[in-house]
Amino acid sequence: MRILLYNPDNGVTANFMPHLWMFLLQALTPADHEVLLIDGNTQPMSDAEIVQFVRAKGIGLVGIGAMTRMIAKAYRVADAIRAAGVPVVMGGPHVTELPDEALGRDGGPRHADSVALGEVDETWPKIVADAARGALKERYVPVDAFGQERKPDLQSYPKIPWDTLDIAQFNRIPGFVRPIMEHFKAEWETFHIIPIESGRGCPYGCEFCTVTGFFGDSIRFRSNQSIVDELLLLKARAHRTKGQVAVFFVDDNFAINGKRTKSLLRDIIAAKAQVSWVGQISANLLRDEELVDLIAESGGRWIFIGMESLDPANLASVNKSFNKPGDYAAVLERLARRNIYAITSFIFGLDNDRAGVAERTLSQIREWPPVLAVFGQITPFPSTPLYTRLEKEGRLTRPKHWLDFAPFHMAHTPLRMTVDEVQDEVRYAWTNAYSPAATRRAIDSIADEPAPYKISHLIARLFFRGIYFSNKGAWAWVKAITENRGTIVHVVRQCFTNWRGRRGGGCGTELRGAAGAPCAAPGGFRVFSHEDSSLTISPHRSRAHL
């Protein structure tokens, strides 16, 4: 049987990396079946084009995975495929929490022939076998002999054959640049950001988060060796294909078990398996100097920190009191000293927020080392404690907001602001955090750093602004470059006049480390094409599930 795994686009901007679930299910599929992958973020197709593809390729089963913000698009595509006579199985956190919605048992239309609930490491081969013999069941749930949900321990983790997979659609080097790089025999003919998980689960239970409900509050880890082997495989592929690779550890809190994380990072270093990587770590865990040293030495270049708010009352209201705003500055300084970039996330519209929260937040950000900030509004995802509380309080204004996806628009009534005021605050934050003046201030604040460090920060800021202000299309890029032309010229001039910076050191003109990875010392060239924070940088991501 030929199987298509499809991930819809997120409706905001293009994801900067593929979703892990597609590759994991591909690896779990019995070898006598063929699996094709389409990510709507990198291969945009209309519903009719997807149906045409399914027919042309003789697809016998389509698996669709989608987060809540993508589910309306996922349902529409599923409807079109089912109308063409091809069965569809859907899964992921949203479908797991609302299976009756996908199956049309809540009064709405049916969108799926079958749903895969929870983590499908165990059930996916059964789904494939049943589909192949025309006996697809309506629901698949991983349960033990007593009917209790069973979660994989991750010790027998499937090997994803990154060395042979076709991942051309996920190359982050723009198409018009590739012939130029190939002509000059540049190393960066390809650049892939690859998702890897080292563990699942989170014990914190933040009120707005879907992770604890889906993966559980007990942490399960892969073996260190399996992760090291995967990194070595990716490094070998990048070398063979004259490309570069970076890894996104999609664990919801990569350092949740400090002892284990340090052990993994030491093993990565010992095996010379370092690649540039980004991970999500809460601020309270980044007080550990030894941990941050190991992050830098193992290739850590970007750390996403869900700060959420500068107001302790807000943090307490969403069960995130372990965040201490008074510690934020010290944590960011600790990362900056090792030239590790921080991606800081803030949520507006929390119950203690008032008008002006955006400027108050930006005023604090200006006091920190330059960060890549992302801003959004509090969103009640189905079956989270937040959704349940707001429903009881009668504050939901769009109870099924996911069926009418409206990015950056609230689905409930805030306590001390209006919905429109929250939307204005989000717009103000994005506009002023990524204005040409703000970008110049950020570059000036690292004036003593080597030129490559400034280049990487400038490029990252241009991409990050695309989370809110679309970077799609040539004209959008021309506008962004024109608006920031003064800073761009300034940084280019630095490349000729002050390459190493006033602090000295760095990697010289090679821009390479001894092991072939971007340097960790000042001067290491660390270009990272983030385009969408809602994408993966959300507690609502997918892994070993549809």
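Look up a bit, the structure's there.
Notes on the structure follow. What you see is a predicted model; the values in this text were computed from it and never measured.

**Overview of the overall build of the protein chain**
Okay, so step 1: What the protein chain contains, in helices and strands, is 21 helices and 14 strands.
Okay, so step 2: Taking all 546 residues of the protein chain together, 58% fall into the buried category.
Okay, so step 3: The contacts in the protein chain between residues at least 6 apart in sequence include a share of 74% that link residues at least 24 apart.
Okay, so step 4: For the protein chain, the exposed surface amounts to about 21,300 Å²; the carbon and sulfur share of it is 54%.

**Comments concerning the sheet that holds strand S7 (residues 190-196)**
Okay, so step 1: Taken together, six strands build an open sheet; the order of strands is S7-S10-S11-S12-S13-S14 and the sheet is parallel. Either end of the sheet is taken by a strand with one partner, and the two such strands are S7 and strand S14 (372-377). Each neighbouring strand pair of the sheet contributes to a mean axis angle of 20°, computed without reference to strand direction.
Okay, so step 2: Pairing of strand S11 (residues 276-280) with strand S12 (residues 300-308) involves four bridges; the strand directions are parallel. Bridge pairing in S12 links glutamine 280 to phenylalanine 304.

**Some words on the pattern of salt bridges**
Okay, so step 1: This model, assessed by the stated rule, comprises 38 salt bridges.
Okay, so step 2: Residue aspartate 9 pairs with lysine 73 through a salt bridge whose shortest N-O separation is 2.6 Å. Placement of the pair is aspartate 9 in the loop between strand S1 (2-7) and helix H1 (20-28) and lysine 73 in helix H3 (residues 71-83), with a sequence separation of 64 residues.
Okay, so step 3: A salt bridge links glutamate 393 to arginine 395; the shortest N-O distance between them is 2.8 Å.
Okay, so step 4: Classification of glutamate 393 as partly exposed rests on a relative accessible area of 41%.

**Side note on the nonpolar core**
Okay, so step 1: Met90, Trp124, Ile305 and Phe375 are the most contacted members of the largest nonpolar core, which totals 149 residues.
Okay, so step 2: Among the elements that line this core, the one with the most residues is H1, at seven residues.
Okay, so step 3: For phenylalanine 375, the contacting residues outside a window of four places in its chain are Phe346, Phe348, Thr361, Leu362, Ile365, Phe408, Val426, Ala429, Trp430 and Ala433.

**Comments concerning the packing of aromatic side chains**
Okay, so step 1: What the rule picks out here adds up to 19 aromatic pairs.
Okay, so step 2: An angle of 45° between the planes, with centres 6.1 Å apart, marks the rings of tyrosine 387 and tryptophan 402 as tilted. Pair noted here: tyrosine 387 is in helix H15 (residues 385-392) and tryptophan 402 is in the loop between H15 and helix H16 (419-433), with a separation of 15 residues, a long-range link. Neither residue differs from the other here; tyrosine 387 and tryptophan 402 are each classed as buried.
Okay, so step 3: Put simply, the rings of Tyr328, Phe346, Phe348, Trp368, Phe375, Phe408, Trp430, Tyr434, Tyr468 and Phe469 touch in pairs and so form one group of aromatic residues.
Okay, so step 4: In this structure, arginine 222 packs its charged tip against the face of tyrosine 157, placed 3.9 Å from the ring centre.

**Looking at the environment of valine 141**
Okay, so step 1: Looking at where valine 141 falls in the secondary structure, it is placed in the loop between strand S6 (139-140) and helix H7 (178-183).
Okay, so step 2: A sequence separation of 18 residues divides valine 141 from threonine 123, and the C-alpha atoms of the two residues are 7.1 Å apart.

**Observations concerning helix H9 (residues 224-240)**
Okay, so step 1: The terminal C-alpha atoms of H9, which comprises 17 residues, lie 25 Å apart, in line with the 24 Å expected from a rise of 1.5 Å per residue.
Okay, so step 2: When H9 is considered as a whole, its buried residues turn out to be Asn224, Ser226, Ile227, Val228, Glu230, Leu231, Leu233, Leu234, Lys235, Arg237 and Ala238.
Okay, so step 3: Tucked inside the fold, the buried residues of H9 contact S7, strand S10 (243-249) and helix H10 (258-270).
Okay, so step 4: Lysine 242 lies just past H9 and shows a positive phi near 55°.

**Quick look at H1**
Okay, so step 1: Across the nine residues that make up H1, a large majority, seven, are buried.
Okay, so step 2: Listing the buried residues of H1 in full gives Leu20, Trp21, Met22, Phe23, Leu24, Leu25 and Leu28.

**Observations regarding unusual backbone geometry**
Okay, so step 1: Positioned with a positive phi, lysine 272 is a non-glycine residue whose angle comes to about 55°.
Okay, so step 2: Relative to the helices and strands, lysine 272 resides in the loop between H10 and S11.
Okay, so step 3: Classification of lysine 272 as exposed rests on a relative accessible area of 57%.
Okay, so step 4: Even without being glycine, phenylalanine 408 reaches a positive phi, approximately 60°.

**So, the side chain of threonine 487**
Okay, so step 1: The residue threonine 487 is located in helix H20 (residues 485-497) in this model.
Okay, so step 2: Classification of threonine 487 by relative accessible area gives buried; the value is 3%.

**Overview of the sheet that holds strand S2 (residues 34-39)**
Within a sheet, adjacent strands bond to each other through the backbone by hydrogen bonds, running parallel or antiparallel.
Okay, so step 1: In spatial order, the strands read S2-S1-S3-S4-S5-S6; together these six strands make up an open sheet with parallel pairing. On the outer flanks of this sheet lie S2 and S6, each paired with one strand and no other.

**Quick word on the packing of helix H2 (residues 47-56) against H3**
Okay, so step 1: At a closest axis distance of 9 Å, the pairing of H2 and H3 adopts a crossing angle of 45°. It follows from the interaxial angle that H2 and H3 lie oblique. Considering how the two elements wind past one another, H2 and H3 form a crossing that is right-handed. Where H2 abuts H3, its residues Asp47, Ile50, Val51 and Val54 lie against Lys73, Arg76, Val77, Ala80 and Ile81.

**Structural notes on the pairing of strand S3 (residues 61-65)**
A regular strand places its side chains so that they alternate between the two faces of the sheet.
Okay, so step 1: With five of its five residues buried, S3 lies for the most part within the structure.
Okay, so step 2: Of the two faces of S3, both are covered, the one formed by Leu61, Gly63 and Gly65 as well as the one formed by Val62 and Ile64.
Okay, so step 3: Here S3 runs beside strand S4 (residues 88-91); their pairing, made up of four bridges, is parallel. Bridge pairing links glycine 65 to glycine 91 in S4.
Okay, so step 4: For the crossover from S3 across H3 to S4, the handedness is right-handed.

Cut-offs and rules
- Residues numbered from 1 in each chain as written.
- Predicted model: local features only at pLDDT ≥ 70, side-chain atom pairs only at ≥ 80, totals over all residues.
- Heavy atoms only, no water.
- Helix = DSSP H or I, 4+ residues; strand = E, 2+ residues; numbered from the N terminus.
- Buried < 20%, exposed > 50% of the residue type's maximum accessible area, 1.4 Å probe, protein only.
- Contact = heavy atoms within 4.5 Å.
- Areas by Shrake-Rupley, 256 points an atom, 1.4 Å probe, with all protein chains shown as cover.
- Pairing = 2+ DSSP bridges.
- Axes fitted to C-alpha atoms, helices over the stretch in contact; angles between N-to-C directions.
- Salt bridge = Lys/Arg side-chain N within 4 Å of Asp/Glu carboxyl O.
- Core = buried A, V, L, I, M, F, W, Y, C linked by side-chain atoms within 4.5 Å.
- Phe/Tyr/Trp six-rings, centres within 6.5 Å; stacked < 30°, edge-to-face > 60°.
- Lys NZ or Arg CZ within 6 Å of the ring centre and 35° of its normal.
- Expected span 1.5 Å × (residues − 1).
- Parallel < 35°, antiparallel > 145°, perpendicular 65-115°, else oblique.
- Left-handed = near helix turned anticlockwise from the far one by under 90°.
- Right-handed = clockwise from strand over helix to strand, strands pointing away.

Worth remembering: the numbers are spatial, not functional.
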